[in-house]
Amino acid sequence: MPSTGRISERIASIAESATLAVDAKAKALKAAGRPVIGFGAGEPDFPTPSYIVDAAVEAARTPRFHRYSPAGGLPELKKAIAEKTLRDSGYSVDPSQVLVTNGGKQAVYEAFATLLNPGDEVLLPAPYWTTYPEAIRLAGGVPIEVFAGPEQGYMVTVEQLEAACTERTKLLLFCSPSNPTGAVYPAEQVAAIGQWAAGHGLWVVTDEIYEHLTYDGVKSTSIATAAPELGDKVVVLNGVAKTYAMTGWRVGWMIAAPDVIKAATNLQSHLSSNVANVSQMAALAAVSGPLTAVDEMKTAFDRRRKAMVSALNSIDGVVCPMPEGAFYAYADVRGLLGREFPGAAGPVRPQTSAELAALILETVEVAVVPGEAFGPSGYLRLSYALGDEDLAVGMGRLQEFLGQAK
């Protein structure tokens, strides 16, 4: 018997993006006049650099960009991405190995859709970005969470991966610098994980969109170069959103072996066709240009990072390691769960980080994302990609409210 549901089971089973949901709720409350401080979305508060905008304006006035272009990306942008990858990661690829996508999310989805068959298992280090497990399931895969807590810097070990690996494992998802934790794997650990994956014949999909957002002299290492043993079984995902404050321009990319890119491009030709040409030309200016813009942003992010982590660790029951990358703090709030807080209708004892996050938003109008969005309960993710004044006000509210726990 066919299903009588109006929505397909496949689509109905997808969880809403928790980070976007928190951001949307915060913006709706702000629009209603509430003084909400949003620590939810991972979005730089800086404008896109002017030379990138200028390139987009010029493209918008150029008639050839008013037409369809190749589904896999403008040839000049694919060439520039290949050159940028060699420059920044030391990883040599041909432009034919590049697929330009509508943001990093499309690259994530298409990578899994291209590589996975129904029932294939994907090792998913947790905490993880909220979209990964949903994209894996949409492709018919099975996400296998491998959790690393604050005591190990939120970084999984080879031993943990080995324990989770089965005959059905096909792929490892790797993300460093990490969303949501800000963890940056040391080069030797990246190499060890890559070598382990190669030894098991696994594919590795590596998300490197935060590659340039690192602090304290820490450098990000691409698993593609750290573990050449992987050969052509590595897929690199990246984009311009975070490095160049271009979240709304929607340009990402996927780098892989020619047969994988050919298949993924075929998928994209039916799914969405080419990325908007104006956005592609803006991305060309970004990846071909200097990194001065991100260096300037990093100065502000670094200042905010230190202020946020210091404020969080001053709260009894909260433990927050200093993140070395991205623009998130991932706070362990298990010490607050089950304790009593003042609520609108009387004392409240939140038992999960989701309940605690909801209480915080309702009571002191601060939006944070609960750990359930990224794996186990007991944690909160806070983005410090917002203005210094808002950060100070928001952290002050959190310190005062969470400090009342009994």
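See the structure above.
Fair warning: this is a prediction, and the values are worked out from it, not measured in the lab.

A. Local environment of the layout of surface pockets. Reported here for the largest pocket is a volume of approximately 520 Å³. Taken together, 25 residues make up the lining of the largest pocket; nearest its centre are Gly 42, Lys 105, Trp 129, Lys 242 and Arg 250. For the lining of the largest pocket, the secondary-structure elements that each account for two or more residues are helix 2 (18-31), helix 5 (103-115) and strand 7 (234-239). With four residues, helix 2 is the largest single contributor of residues to the lining of the largest pocket.

B. Molecular detail of empty space enclosed by the protein. Taken as a whole and judged by the stated rule, the model has four cavities of 30 Å³ or more. Its boundaries defined by the atoms lining it, the largest cavity holds a volume of some 120 Å³. In terms of lining, the largest cavity is formed by 15 residues, of which the most central are Pro 125, Pro 127, Cys 175, Ser 178 and Tyr 185. Looking at which element gives the most residues to the lining of the largest cavity, the answer is strand 5 (residues 169-175), with three residues. Grouping the constituent residues of the lining of the largest cavity by class yields 13 nonpolar, two polar and no charged. As a volume, the second largest cavity reaches approximately 40 Å³. Around the second largest cavity, the lining residues are Lys 84, Asp 88, Glu 211, His 212, Asn 238, Gly 239, Thr 243, Tyr 244, Trp 253 and Val 287. Elements with a minimum of two residues in the lining of the second largest cavity: helix 4 (75-89) and strand 7. Its residues assigned to classes, the lining of the second largest cavity shows three nonpolar, four polar and three charged.

C. Here's a closer look at the sheet that holds strand 13 (residues 369-370). Pairing in this open sheet of three strands is antiparallel, and the strands run 9-14-13 from one edge to the other. What marks the edges here is a single partner per strand, and that holds for strand 9 (328-332) and strand 13. For strand 13 and strand 14 (residues 379-383), the ladder comprises two bridges, and the chain directions are antiparallel. Looking at strand 14, one finds that Pro 370 is bridged to Leu 380. Docked against the sheet, helix 12 (residues 292-313) engages strand 9 and strand 14, running at close to 10° with respect to strand 9.

Cut-offs used in this document
Residues numbered from 1 in each chain as written. Predicted model: local features only at pLDDT ≥ 70, side-chain atom pairs only at ≥ 80, totals over all residues. Heavy atoms only, no water. 1 Å grid on protein atoms, 1.4 Å probe; cavity = no way out; pocket = protein on both sides within 12 Å on 5 of 7 lines; lining within 4 Å. Points joined across faces, edges and corners; volume = space filled by probe spheres on them. Helix = DSSP H or I, 4+ residues; strand = E, 2+ residues; numbered from the N terminus. Nonpolar A, V, L, I, M, F, W, Y, C, P; charged D, E, K, R; others polar. Pairing = 2+ DSSP bridges. Contact = heavy atoms within 4.5 Å. Axes fitted to C-alpha atoms, helices over the stretch in contact; angles between N-to-C directions.

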